[in-house]
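# Notes for the structure review
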Amino acid sequence: MDSQVTIPEKHGNEATRVHKAALFFKKLKRQKILQLMALSGMVWLVIFHYIPIYGIIIAFKEYNIVHSISSAPWVGLYHFKEFFEDDSLGYVITNTFGMSLLKLLIGFPMPILFALMLNELRSVRFKKAVQTISYLPHFLSWVILGGILTTWLADVGIINKVLLALGFIHEPISYLAEPSYFWTIIVSSDIWKELGWSAIIYLAAITGVSPELYEAATIDGAGRFQKMYYITLPMIKGTITILFILAVSGILNSNFDQIFVLKNQLNEVASNVIDTYVYQIGISQGRYSYATAVGLVKSVIAFILLLTANSITKRLNNTSLF
């Protein structure tokens, strides 16, 4: 009769763990260059994003640069109460949400449509030319583009000259001096600057769609728009969903650079948003605790929007960030 040696379960589990650990360290050694690259990114993230979180406590203190954070006196929710009782809060919130929602409703679908149109171009040379031209504004800062727009939208600018020549207006309009035009200028200029760059990720997702699907659709008699609607869009749905969640969470980010270079005292009623408000009241006047309190409120709302958008998209199409 053959005898069998039974290995205790405890020792078997330990041997398995040792084996897995050996494989893990062997893999780390094999990927040491990649791991060092990832480690440097983690160190940067900790130093510039996690360690500064300690400074949030000044939102609950009366901090100034003369004293340290720890020695600053506690004031509790005073700065938050002051922010919510500010007379200018109403139009600041309205401007922030108004421009951000317009960018989300108009600016978010535009790169998707642009990527779909580019994907349908058959001439490779023409496609590359269109892509290059559409990318160029992204690499210019808002300081440069703001100067260009200020010149174009002036009384003697090219916009007024063209509209006067076509008979659409009878006298020049100073667009940046009129609050009613400011939101339109912000949304349209943001689309102009970021359209081509934002379409890159959608073009990359479209290249991952199997050509066999298009071939089968062609055999079935589907046209170009039918292929886009029934094949391309469903296949890049996950990418669209993730970017939409991120766009919703950043709805309070009004692009400070853009608004700061285009705003002036004449359009301040329509141009003052949370970011510029914090700069004017908090940073320029040295009220760092007040600025931190407003920034903390903004971050909490952004976090709530992120969770909400993530939950809704997960229920609708089973796609989410987490």
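Presented here is an overview of the structure given in this document. (Residues numbered from 1 in each chain as written. Predicted model: local features only at pLDDT ≥ 70, side-chain atom pairs only at ≥ 80, totals over all residues. Heavy atoms only, no water.)

## Considering the side chain of Lys263
Within the secondary structure, Lys263 sits in the loop between helix H13 (256-262) and helix H14 (268-271). One buried charged side chain, Lys263, makes no salt bridge at all; its nearest oppositely charged neighbour is Glu268, positioned 4.5 Å away. Aside from chain neighbours lying at most four places away, what touches Lys263 is Phe182, Glu268, Ser271, Asn272, Thr276 and Gln280. (Helix = DSSP H or I, 4+ residues; strand = E, 2+ residues; numbered from the N terminus. Buried < 20%, exposed > 50% of the residue type's maximum accessible area, 1.4 Å probe, protein only. Lys, Arg positive; Asp, Glu negative; His and termini not counted. Salt bridge = Lys/Arg side-chain N within 4 Å of Asp/Glu carboxyl O. Contact = heavy atoms within 4.5 Å.)

## Here we look at unusual backbone geometry
Despite not being glycine, Asn255 has its phi angle at roughly 60°, a positive value. One non-glycine residue with positive phi stands out, namely Asn318, at about 60°. With respect to the element layout, Asn318 can be found in the segment after helix H16 (288-317).

## What about the packing of aromatic side chains?
One pass over the full model with this rule turns up 16 aromatic pairs. Arranged with centres 6.0 Å apart and planes meeting at 40°, the rings of Trp44 and Phe48 form a pair that is tilted. Of this pair, Trp44 and Phe48 both sit in helix H2 (residues 32-50), 4 residues apart, which is roughly one turn of that helix. What makes Trp44 partly exposed here is its relative accessible area of 47%. Taking the centre distance of 5.6 Å and the plane angle of 70° together, the rings of Phe108 and Phe244 count as edge-to-face. A residue pair is termed long-range when its members are at least 10 positions apart, and Phe108 in the loop between helix H4 (89-107) and helix H5 (109-119) and Phe244 in helix H12 (residues 237-249) qualify at 136 residues. On the basis of relative accessible area, Phe244 is assigned to the partly exposed category, the value being 30%. Ring pairs connect the aromatic residues Phe83, Phe84, Tyr277 and Tyr290, which therefore count as one cluster. Directly above the ring of Tyr290 sits Arg287, whose terminal nitrogen or CZ lies 4.4 Å from the centroid. (Phe/Tyr/Trp six-rings, centres within 6.5 Å; stacked < 30°, edge-to-face > 60°. Lys NZ or Arg CZ within 6 Å of the ring centre and 35° of its normal.)

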